[in-house]
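# Results of the structural survey
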Amino acid sequence: MSDMVSIFLQLLLFKLVAPVTFRHHRYDDLVRTLYKVHNECPHVTRVYSIGRSVKGRHLYVLEFSDYPGIHEPLEPEVKYVGNMHGNEVLGRELLLQLSEFLCEEFRNRNQRIVRLVEGTRIHILPSMNPDGYEVAAAAQDRDISGYLVGRNNANGVDLNRNFPDLNTYIYYNEKNGGPNHHLPLPDNWKNQVEPETQAVIQWIRSFNFVLSANLHGGAVVANYPYDKSLEHRVRGFRRTANTPTPDDTLFQKLAKVYSYAHGWMHQGWNCGDYFPDGITNGASWYSLSKGMQDFNYLHTNCFEITLELSCDKFPRQEELQREWLSNREALIQFLEQVHQGIKGMVRDENYNNLADAVISVSGINHDVTSGDHGDYFRLLLPGTYTVTATAPRFDPETVSVTVGPGEPKLVNFQLKRSTPPAAPKRRGPNSGHRGRVLPKKVQPRAAKKKEMMVKQSQRVPA
(Lines give C-alpha, C1' and ligand atoms only; values in the text may rest on other atoms or scores of the structure.)
Protein backbone atom coordinates (compact mmCIF):
# COMPACT_ATOMS: atom_id res chain seq x y z
CA MET A 1 0.00 0.00 0.00
CA SER A 2 1.45 3.38 -0.96
CA ASP A 3 2.14 6.05 1.63
CA MET A 4 -0.55 8.35 0.19
CA VAL A 5 -3.24 5.63 0.30
CA SER A 6 -2.27 4.79 3.87
CA ILE A 7 -2.56 8.43 4.92
CA PHE A 8 -5.92 8.74 3.12
CA LEU A 9 -7.32 5.76 5.04
CA GLN A 10 -6.17 7.31 8.30
CA LEU A 11 -8.02 10.51 7.40
CA LEU A 12 -11.24 8.51 7.14
CA LEU A 13 -10.93 7.49 10.80
CA PHE A 14 -11.43 11.04 12.04
CA LYS A 15 -13.38 14.09 11.03
CA LEU A 16 -11.16 16.87 9.80
CA VAL A 17 -10.38 19.21 12.64
CA ALA A 18 -10.21 22.98 12.57
CA PRO A 19 -7.35 24.28 10.42
CA VAL A 20 -4.01 24.14 12.22
CA THR A 21 -0.90 26.07 11.33
CA PHE A 22 1.96 23.61 11.06
CA ARG A 23 5.11 25.34 12.24
CA HIS A 24 7.95 25.00 14.67
CA HIS A 25 7.32 26.36 18.17
CA ARG A 26 9.99 28.12 20.17
CA TYR A 27 9.68 27.93 23.97
CA ASP A 28 7.30 30.87 24.39
CA ASP A 29 5.13 29.59 21.56
CA LEU A 30 5.06 26.14 23.12
CA VAL A 31 3.87 27.52 26.45
CA ARG A 32 1.19 29.63 24.76
CA THR A 33 -0.03 26.60 22.81
CA LEU A 34 -0.37 24.48 25.95
CA TYR A 35 -2.37 27.17 27.75
CA LYS A 36 -4.45 27.79 24.62
CA VAL A 37 -5.47 24.13 24.62
CA HIS A 38 -6.22 24.32 28.33
CA ASN A 39 -8.39 27.41 27.85
CA GLU A 40 -10.31 25.66 25.08
CA CYS A 41 -10.84 22.49 27.12
CA PRO A 42 -10.63 23.67 30.74
CA HIS A 43 -12.70 20.84 32.21
CA VAL A 44 -10.55 18.00 30.86
CA THR A 45 -7.06 19.51 30.89
CA ARG A 46 -4.48 20.82 33.31
CA VAL A 47 -1.07 22.42 32.75
CA TYR A 48 1.57 21.76 35.37
CA SER A 49 5.36 21.96 35.66
CA ILE A 50 7.54 19.07 36.82
CA GLY A 51 10.62 21.25 37.30
CA ARG A 52 13.01 23.54 35.46
CA SER A 53 15.82 23.17 32.97
CA VAL A 54 19.40 24.28 33.61
CA LYS A 55 18.49 27.74 32.31
CA GLY A 56 15.30 27.91 34.34
CA ARG A 57 12.73 27.06 31.68
CA HIS A 58 9.72 25.18 33.02
CA LEU A 59 9.21 21.58 31.93
CA TYR A 60 5.48 21.87 31.28
CA VAL A 61 3.11 18.92 31.08
CA LEU A 62 -0.41 19.00 29.65
CA GLU A 63 -2.76 16.52 31.29
CA PHE A 64 -5.99 15.15 29.78
CA SER A 65 -8.54 13.56 32.11
CA ASP A 66 -12.20 13.88 33.01
CA TYR A 67 -10.94 14.77 36.50
CA PRO A 68 -7.70 16.71 35.89
CA GLY A 69 -5.28 16.60 38.79
CA ILE A 70 -6.93 13.56 40.39
CA HIS A 71 -6.01 9.91 40.16
CA GLU A 72 -9.17 7.85 39.75
CA PRO A 73 -8.71 4.28 41.03
CA LEU A 74 -8.55 1.73 38.22
CA GLU A 75 -7.95 4.45 35.61
CA PRO A 76 -4.47 3.96 34.12
CA GLU A 77 -1.92 6.73 33.66
CA VAL A 78 0.07 7.04 30.43
CA LYS A 79 2.66 9.58 29.25
CA TYR A 80 4.40 10.89 26.17
CA VAL A 81 7.81 12.58 26.39
CA GLY A 82 9.24 14.58 23.49
CA ASN A 83 12.37 16.53 22.60
CA MET A 84 14.70 14.78 25.06
CA HIS A 85 17.44 15.61 22.59
CA GLY A 86 17.02 19.28 21.83
CA ASN A 87 17.76 18.95 18.12
CA GLU A 88 15.26 16.10 17.58
CA VAL A 89 12.18 18.23 17.22
CA LEU A 90 9.48 16.29 15.39
CA GLY A 91 8.21 14.65 18.60
CA ARG A 92 7.80 18.07 20.18
CA GLU A 93 5.63 19.29 17.31
CA LEU A 94 3.64 16.05 17.10
CA LEU A 95 2.77 16.23 20.80
CA LEU A 96 1.56 19.81 20.43
CA GLN A 97 -0.58 18.74 17.48
CA LEU A 98 -1.85 15.76 19.47
CA SER A 99 -2.84 18.08 22.33
CA GLU A 100 -4.85 20.30 20.00
CA PHE A 101 -6.38 17.26 18.32
CA LEU A 102 -7.52 15.62 21.57
CA CYS A 103 -9.12 18.85 22.75
CA GLU A 104 -10.86 19.55 19.46
CA GLU A 105 -12.17 16.01 19.03
CA PHE A 106 -13.36 15.85 22.64
CA ARG A 107 -15.32 19.05 22.10
CA ASN A 108 -16.77 17.56 18.91
CA ARG A 109 -17.83 14.50 20.97
CA ASN A 110 -15.80 12.06 18.88
CA GLN A 111 -16.74 8.94 20.86
CA ARG A 112 -13.37 7.28 20.45
CA ILE A 113 -11.58 10.31 21.91
CA VAL A 114 -14.24 10.83 24.60
CA ARG A 115 -13.77 7.22 25.78
CA LEU A 116 -10.01 7.66 25.77
CA VAL A 117 -10.04 10.88 27.81
CA GLU A 118 -12.70 9.70 30.24
CA GLY A 119 -11.04 6.32 30.80
CA THR A 120 -7.37 7.31 30.79
CA ARG A 121 -5.22 9.92 32.47
CA ILE A 122 -2.88 11.20 29.73
CA HIS A 123 0.25 13.27 30.45
CA ILE A 124 2.07 15.02 27.60
CA LEU A 125 5.56 16.52 28.10
CA PRO A 126 6.35 18.12 24.71
CA SER A 127 9.90 19.12 25.59
CA MET A 128 12.20 17.57 28.17
CA ASN A 129 15.12 19.65 26.88
CA PRO A 130 13.89 23.17 26.08
CA ASP A 131 17.38 24.67 26.44
CA GLY A 132 18.81 22.35 23.82
CA TYR A 133 15.90 23.08 21.51
CA GLU A 134 16.56 26.82 21.60
CA VAL A 135 20.20 26.20 20.59
CA ALA A 136 19.11 23.91 17.75
CA ALA A 137 16.42 26.33 16.55
CA ALA A 138 18.84 29.27 16.61
CA ALA A 139 21.28 27.25 14.52
CA GLN A 140 18.50 26.54 12.01
CA ASP A 141 17.68 30.24 11.82
CA ARG A 142 21.33 30.99 11.01
CA ASP A 143 21.45 28.05 8.56
CA ILE A 144 24.15 26.40 10.62
CA SER A 145 24.35 22.69 9.90
CA GLY A 146 25.46 20.32 12.61
CA TYR A 147 24.15 16.87 13.42
CA LEU A 148 24.63 17.34 17.17
CA VAL A 149 23.98 21.08 17.62
CA GLY A 150 21.48 21.42 20.49
CA ARG A 151 21.34 17.70 21.25
CA ASN A 152 22.54 18.03 24.86
CA ASN A 153 21.23 20.20 27.66
CA ALA A 154 22.81 23.53 28.64
CA ASN A 155 25.49 21.71 30.63
CA GLY A 156 26.48 19.69 27.57
CA VAL A 157 25.01 16.44 28.92
CA ASP A 158 23.11 13.88 26.86
CA LEU A 159 19.95 13.38 28.92
CA ASN A 160 19.39 9.89 27.49
CA ARG A 161 22.72 8.80 29.00
CA ASN A 162 22.05 10.43 32.36
CA PHE A 163 19.69 8.15 34.32
CA PRO A 164 21.01 5.88 37.09
CA ASP A 165 22.32 2.63 35.62
CA LEU A 166 20.00 -0.08 36.94
CA ASN A 167 20.74 -2.59 34.16
CA THR A 168 23.94 -3.69 35.85
CA TYR A 169 21.98 -4.62 38.96
CA ILE A 170 19.17 -6.43 37.14
CA TYR A 171 21.61 -8.49 35.06
CA TYR A 172 23.39 -9.50 38.28
CA ASN A 173 20.08 -10.28 40.02
CA GLU A 174 18.85 -12.38 37.11
CA LYS A 175 21.95 -14.53 37.42
CA ASN A 176 22.38 -14.64 41.18
CA GLY A 177 18.92 -13.89 42.55
CA GLY A 178 17.49 -10.61 43.79
CA PRO A 179 14.67 -8.13 43.12
CA ASN A 180 13.26 -8.09 39.59
CA HIS A 181 11.46 -4.76 39.82
CA HIS A 182 11.58 -1.35 41.52
CA LEU A 183 15.34 -1.47 41.88
CA PRO A 184 16.52 1.14 44.41
CA LEU A 185 18.46 4.24 43.46
CA PRO A 186 21.90 5.11 44.82
CA ASP A 187 21.77 7.30 47.92
CA ASN A 188 23.46 10.19 46.10
CA TRP A 189 21.56 9.84 42.81
CA LYS A 190 20.47 13.49 42.76
CA ASN A 191 24.11 14.55 42.62
CA GLN A 192 24.70 12.33 39.58
CA VAL A 193 21.96 13.62 37.27
CA GLU A 194 21.02 16.84 35.50
CA PRO A 195 18.10 19.06 36.61
CA GLU A 196 15.92 17.85 33.71
CA THR A 197 16.65 14.20 34.53
CA GLN A 198 15.96 14.74 38.22
CA ALA A 199 12.64 16.39 37.38
CA VAL A 200 11.57 13.45 35.22
CA ILE A 201 12.64 10.88 37.83
CA GLN A 202 10.65 12.64 40.54
CA TRP A 203 7.72 12.90 38.13
CA ILE A 204 7.61 9.19 37.31
CA ARG A 205 7.98 8.34 40.99
CA SER A 206 5.00 10.57 41.81
CA PHE A 207 2.55 9.01 39.33
CA ASN A 208 1.80 5.32 38.86
CA PHE A 209 2.46 5.38 35.12
CA VAL A 210 1.62 2.18 33.25
CA LEU A 211 2.68 2.95 29.67
CA SER A 212 4.93 5.51 28.01
CA ALA A 213 6.67 6.46 24.78
CA ASN A 214 9.73 8.68 24.33
CA LEU A 215 9.78 10.48 20.96
CA HIS A 216 13.12 10.91 19.13
CA GLY A 217 14.43 11.52 15.61
CA GLY A 218 17.25 10.44 13.32
CA ALA A 219 15.70 7.11 12.28
CA VAL A 220 12.25 5.60 11.73
CA VAL A 221 11.75 2.64 14.06
CA ALA A 222 9.99 1.64 17.29
CA ASN A 223 12.68 0.64 19.79
CA TYR A 224 11.92 -1.46 22.88
CA PRO A 225 14.04 -2.44 25.93
CA TYR A 226 16.50 -3.42 27.00
CA ASP A 227 18.71 -0.70 25.52
CA LYS A 228 21.86 -1.83 27.31
CA SER A 229 23.50 -4.97 26.01
CA LEU A 230 24.23 -7.82 28.36
CA GLU A 231 27.39 -8.61 26.36
CA HIS A 232 30.77 -7.67 27.80
CA ARG A 233 32.71 -4.70 26.53
CA VAL A 234 35.18 -5.16 23.69
CA ARG A 235 37.88 -2.48 23.36
CA GLY A 236 35.83 -0.07 25.44
CA PHE A 237 32.56 -0.64 23.57
CA ARG A 238 29.72 -2.88 24.61
CA ARG A 239 28.86 -5.30 21.83
CA THR A 240 25.39 -5.16 20.35
CA ALA A 241 23.31 -8.22 21.14
CA ASN A 242 19.60 -8.83 21.50
CA THR A 243 18.92 -8.31 25.20
CA PRO A 244 15.24 -8.97 25.89
CA THR A 245 13.26 -8.14 29.01
CA PRO A 246 11.03 -10.74 30.69
CA ASP A 247 8.18 -8.94 28.87
CA ASP A 248 9.82 -9.14 25.45
CA THR A 249 6.79 -10.48 23.58
CA LEU A 250 4.59 -7.75 25.03
CA PHE A 251 7.10 -5.05 24.17
CA GLN A 252 7.33 -6.32 20.60
CA LYS A 253 3.56 -6.11 20.33
CA LEU A 254 3.50 -2.54 21.67
CA ALA A 255 6.19 -1.52 19.18
CA LYS A 256 4.32 -3.16 16.29
CA VAL A 257 1.10 -1.36 17.21
CA TYR A 258 2.84 1.95 16.59
CA SER A 259 4.83 0.76 13.58
CA TYR A 260 1.85 -0.65 11.68
CA ALA A 261 -0.39 2.33 12.48
CA HIS A 262 2.34 4.68 11.20
CA GLY A 263 2.33 5.73 7.57
CA TRP A 264 5.48 3.83 6.58
CA MET A 265 7.48 2.73 9.64
CA HIS A 266 6.33 -0.89 9.28
CA GLN A 267 7.86 -1.16 5.81
CA GLY A 268 11.25 -1.53 7.47
CA TRP A 269 13.47 0.30 4.96
CA ASN A 270 13.95 3.84 6.28
CA CYS A 271 16.87 6.26 6.49
CA GLY A 272 19.24 3.69 5.01
CA ASP A 273 18.47 1.12 7.71
CA TYR A 274 16.29 -1.97 7.65
CA PHE A 275 14.27 -3.10 10.68
CA PRO A 276 11.84 -6.01 10.16
CA ASP A 277 8.30 -4.79 10.94
CA GLY A 278 9.81 -1.40 11.74
CA ILE A 279 10.79 -2.44 15.28
CA THR A 280 13.99 -3.35 17.10
CA ASN A 281 15.34 -4.39 20.45
CA GLY A 282 17.42 -1.43 21.59
CA ALA A 283 20.56 -3.37 22.51
CA SER A 284 20.33 -5.31 19.24
CA TRP A 285 20.60 -1.99 17.37
CA TYR A 286 23.28 -0.37 19.55
CA SER A 287 23.99 -0.60 23.26
CA LEU A 288 22.97 2.40 25.32
CA SER A 289 23.70 2.77 29.03
CA LYS A 290 21.76 4.96 31.49
CA GLY A 291 18.82 5.43 29.13
CA MET A 292 15.32 6.49 30.12
CA GLN A 293 13.27 3.58 28.78
CA ASP A 294 15.23 0.92 30.69
CA PHE A 295 15.05 3.09 33.81
CA ASN A 296 11.24 3.26 33.59
CA TYR A 297 10.96 -0.51 33.40
CA LEU A 298 13.44 -1.26 36.19
CA HIS A 299 12.49 1.42 38.72
CA THR A 300 8.74 1.89 38.24
CA ASN A 301 5.63 0.11 36.98
CA CYS A 302 5.92 1.87 33.61
CA PHE A 303 6.52 0.09 30.30
CA GLU A 304 8.22 2.56 27.95
CA ILE A 305 9.34 2.31 24.33
CA THR A 306 11.36 4.78 22.24
CA LEU A 307 9.94 6.04 18.96
CA GLU A 308 12.39 7.23 16.31
CA LEU A 309 10.15 9.20 13.97
CA SER A 310 12.11 10.98 11.24
CA CYS A 311 15.31 10.66 9.26
CA ASP A 312 15.81 14.40 9.55
CA LYS A 313 16.23 15.43 13.17
CA PHE A 314 14.94 18.96 12.43
CA PRO A 315 12.52 18.53 9.50
CA ARG A 316 11.51 21.50 7.42
CA GLN A 317 8.31 23.25 8.41
CA GLU A 318 6.69 22.20 5.13
CA GLU A 319 7.04 18.54 6.14
CA LEU A 320 5.23 18.82 9.49
CA GLN A 321 1.69 18.30 8.18
CA ARG A 322 2.66 15.11 6.33
CA GLU A 323 4.45 13.84 9.43
CA TRP A 324 1.41 14.58 11.59
CA LEU A 325 -0.92 12.70 9.26
CA SER A 326 1.40 9.70 9.24
CA ASN A 327 1.74 9.61 13.05
CA ARG A 328 -1.70 10.66 14.27
CA GLU A 329 -3.41 7.27 14.24
CA ALA A 330 -0.32 5.62 15.72
CA LEU A 331 -0.23 8.10 18.60
CA ILE A 332 -3.88 7.37 19.42
CA GLN A 333 -3.57 3.59 19.08
CA PHE A 334 -0.55 3.51 21.36
CA LEU A 335 -2.45 5.36 24.09
CA GLU A 336 -5.23 2.78 23.79
CA GLN A 337 -2.75 -0.03 24.48
CA VAL A 338 -2.78 0.85 28.17
CA HIS A 339 -6.20 -0.84 28.32
CA GLN A 340 -5.15 -4.50 28.18
CA GLY A 341 -4.10 -7.26 30.55
CA ILE A 342 -5.44 -7.18 34.10
CA LYS A 343 -6.12 -4.54 36.70
CA GLY A 344 -7.78 -4.43 40.09
CA MET A 345 -7.71 -3.41 43.72
CA VAL A 346 -5.66 -4.93 46.52
CA ARG A 347 -7.38 -4.61 49.89
CA ASP A 348 -7.23 -6.15 53.36
CA GLU A 349 -10.05 -7.94 55.17
CA ASN A 350 -11.52 -4.61 56.27
CA TYR A 351 -11.50 -3.26 52.71
CA ASN A 352 -8.62 -0.90 53.35
CA ASN A 353 -6.53 -0.26 50.26
CA LEU A 354 -3.05 -1.80 50.31
CA ALA A 355 -0.32 0.21 48.58
CA ASP A 356 2.92 -1.39 47.36
CA ALA A 357 1.47 -4.89 47.20
CA VAL A 358 3.47 -6.98 44.74
CA ILE A 359 1.67 -8.52 41.75
CA SER A 360 3.58 -11.48 40.30
CA VAL A 361 2.77 -13.42 37.15
CA SER A 362 4.08 -16.96 37.00
CA GLY A 363 6.55 -17.39 34.16
CA ILE A 364 7.30 -13.65 33.79
CA ASN A 365 10.17 -12.58 36.01
CA HIS A 366 9.07 -8.97 36.40
CA ASP A 367 6.60 -7.83 39.05
CA VAL A 368 4.53 -4.68 39.42
CA THR A 369 3.12 -3.06 42.54
CA SER A 370 -0.14 -1.45 43.59
CA GLY A 371 -0.26 2.31 43.78
CA ASP A 372 -1.07 4.62 46.67
CA HIS A 373 -4.79 3.98 46.16
CA GLY A 374 -4.39 0.20 46.19
CA ASP A 375 -5.02 -0.21 42.45
CA TYR A 376 -2.65 -2.06 40.14
CA PHE A 377 -2.27 -2.49 36.39
CA ARG A 378 -0.45 -5.37 34.72
CA LEU A 379 -0.13 -5.26 30.92
CA LEU A 380 -0.43 -8.77 29.49
CA LEU A 381 -1.07 -10.38 26.13
CA PRO A 382 -4.09 -12.69 25.73
CA GLY A 383 -3.61 -15.99 27.55
CA THR A 384 -4.12 -17.77 30.85
CA TYR A 385 -1.93 -16.72 33.77
CA THR A 386 -1.33 -17.56 37.40
CA VAL A 387 -1.23 -14.30 39.33
CA THR A 388 -0.21 -13.80 42.96
CA ALA A 389 -0.58 -10.76 45.20
CA THR A 390 1.68 -10.43 48.23
CA ALA A 391 2.19 -7.81 50.90
CA PRO A 392 4.19 -7.74 54.15
CA ARG A 393 2.31 -9.23 57.14
CA PHE A 394 -0.39 -10.67 54.85
CA ASP A 395 -0.93 -14.14 53.44
CA PRO A 396 -0.44 -14.24 49.65
CA GLU A 397 -3.39 -14.89 47.37
CA THR A 398 -3.08 -16.70 44.03
CA VAL A 399 -5.65 -16.87 41.24
CA SER A 400 -5.79 -18.18 37.68
CA VAL A 401 -7.02 -15.65 35.15
CA THR A 402 -7.67 -15.78 31.41
CA VAL A 403 -6.95 -12.54 29.55
CA GLY A 404 -8.74 -11.78 26.31
CA PRO A 405 -7.85 -9.39 23.48
CA GLY A 406 -10.27 -6.68 24.61
CA GLU A 407 -10.54 -4.59 27.73
CA PRO A 408 -8.42 -5.50 30.77
CA LYS A 409 -9.87 -8.11 33.09
CA LEU A 410 -10.75 -6.95 36.59
CA VAL A 411 -8.97 -9.10 39.18
CA ASN A 412 -9.28 -7.91 42.78
CA PHE A 413 -7.37 -9.29 45.74
CA GLN A 414 -8.42 -9.30 49.40
CA LEU A 415 -5.48 -10.33 51.53
CA LYS A 416 -5.83 -11.79 55.01
CA ARG A 417 -3.47 -10.67 57.72
CA SER A 418 -0.98 -13.34 58.64
CA THR A 419 -1.37 -14.97 62.04
CA PRO A 420 2.08 -15.46 63.56
CA PRO A 421 2.58 -18.92 65.09
CA ALA A 422 2.16 -18.88 68.84
CA ALA A 423 5.46 -19.19 70.72
CA PRO A 424 5.58 -22.35 72.91
CA LYS A 425 5.27 -21.61 76.62
CA ARG A 426 8.22 -22.61 78.76
CA ARG A 427 7.70 -23.32 82.45
CA GLY A 428 10.71 -23.74 84.72
CA PRO A 429 10.87 -25.53 88.08
CA ASN A 430 10.41 -22.23 89.85
CA SER A 431 7.49 -20.83 87.90
CA GLY A 432 5.76 -17.84 89.35
CA HIS A 433 2.41 -16.25 88.67
CA ARG A 434 1.04 -15.61 85.11
CA GLY A 435 3.25 -18.27 83.58
CA ARG A 436 6.44 -16.24 83.91
CA VAL A 437 9.65 -18.17 84.47
CA LEU A 438 11.31 -16.77 87.56
CA PRO A 439 15.06 -16.81 88.15
CA LYS A 440 16.50 -19.36 90.54
CA LYS A 441 16.36 -18.21 94.13
CA VAL A 442 19.58 -16.70 95.31
CA GLN A 443 20.44 -17.22 98.95
CA PRO A 444 21.66 -14.24 100.95
CA ARG A 445 25.42 -14.30 101.43
CA ALA A 446 25.17 -14.61 105.29
CA ALA A 447 22.78 -17.60 105.10
CA LYS A 448 25.02 -19.29 102.56
CA LYS A 449 28.09 -18.82 104.82
CA LYS A 450 26.25 -20.28 107.84
CA GLU A 451 25.19 -23.35 105.80
CA MET A 452 28.81 -24.01 104.75
CA MET A 453 30.02 -23.82 108.39
CA VAL A 454 27.41 -26.40 109.45
CA LYS A 455 28.53 -28.79 106.70
CA GLN A 456 32.20 -28.41 107.69
CA SER A 457 31.44 -29.14 111.36
CA GLN A 458 29.67 -32.33 110.31
CA ARG A 459 32.85 -33.59 108.56
CA VAL A 460 35.06 -33.24 111.75
CA PRO A 461 35.95 -36.78 113.03
CA ALA A 462 34.77 -37.81 116.47
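Source: prediction; values computed, not measured.

Conventions and cut-offs
- Residues numbered from 1 in each chain as written.
- Predicted model: local features only at pLDDT ≥ 70, side-chain atom pairs only at ≥ 80, totals over all residues.
- Heavy atoms only, no water.
- 1 Å grid on protein atoms, 1.4 Å probe; cavity = no way out; pocket = protein on both sides within 12 Å on 5 of 7 lines; lining within 4 Å.
- Points joined across faces, edges and corners; volume = space filled by probe spheres on them.
- Nonpolar A, V, L, I, M, F, W, Y, C, P; charged D, E, K, R; others polar.
- Domains from an automatic or database assignment.
- Helix = DSSP H or I, 4+ residues; strand = E, 2+ residues; numbered from the N terminus.
- Buried < 20%, exposed > 50% of the residue type's maximum accessible area, 1.4 Å probe, protein only.
- Contact = heavy atoms within 4.5 Å.
- Pairing = 2+ DSSP bridges.
- Axes fitted to C-alpha atoms, helices over the stretch in contact; angles between N-to-C directions.
- UniProt positions renumbered as here; feature names shortened; annotations may be inferred.
- Polar contact = N/O pair within 3.5 Å; in protein donor to acceptor, adjacent residues only side chain to side chain.

A few words on the layout of surface pockets. Estimated volume of the second largest pocket: approximately 440 Å³. If you go around the second largest pocket, you meet 20 residues; those closest to its centre are Arg 205, Phe 207, Asn 208, Gly 371 and Asp 372. Partitioned by chemical class, the residues of the lining of the second largest pocket number 3 nonpolar, 11 polar and 6 charged. Residue contributions to the lining of the second largest pocket reach at least three from each of two domains, namely domain 1 (27–337) and domain 2 (342–417).

Time to look at the environment of Phe 334. Within the secondary structure, Phe 334 is located in helix H11 (residues 320–336). With relative accessibility at 0%, the residue Phe 334 sits in the buried group. Through-space distance from the C-alpha of Phe 334 to that of Leu 211 is 8.9 Å; in sequence the pair is 123 residues apart. If sequence neighbours within four positions are ignored, Phe 334 has contacts with Tyr 80, Leu 211, Ser 212, Ala 213, Leu 254, Val 257, Tyr 258 and Ile 305.

With that settled, the discussion passes to the sheet that holds strand S15 (residues 364–369). The sheet built from 4 strands is open, its strands ordered S15-S14-S17-S18 with antiparallel pairing. For this open sheet the edge positions go to S15 and strand S18 (397–403), each flanked by a neighbour on one side alone. Each strand axis lies, on average, 25 degrees off the axis of its neighbour in the sheet, ignoring direction. Of the strand pairs in this sheet, strand S14 (residues 358–361) and S15 are connected by 3 bridges, and their pairing is antiparallel. Pairing of Val 361 across the sheet is with Ile 364, part of S15.

So, on to the UniProt feature "active site" (unreviewed entry) in the protein. UniProt annotation of "active site" (unreviewed entry) refers to Glu 308 when read in the numbering used here. Relative to the elements of secondary structure, Glu 308 occurs in strand S12 (residues 303–310). On the accessibility criterion, Glu 308 (7% relative accessible area) is buried. Aside from chain neighbours lying at most four places away, what touches Glu 308 is His 216, Gly 217, Gly 218, Ala 219, Val 220, Val 221, Met 265 and Trp 285. At 3.4 Å, the side chain of Glu 308 forms a polar contact with the backbone nitrogen of Gly 217.

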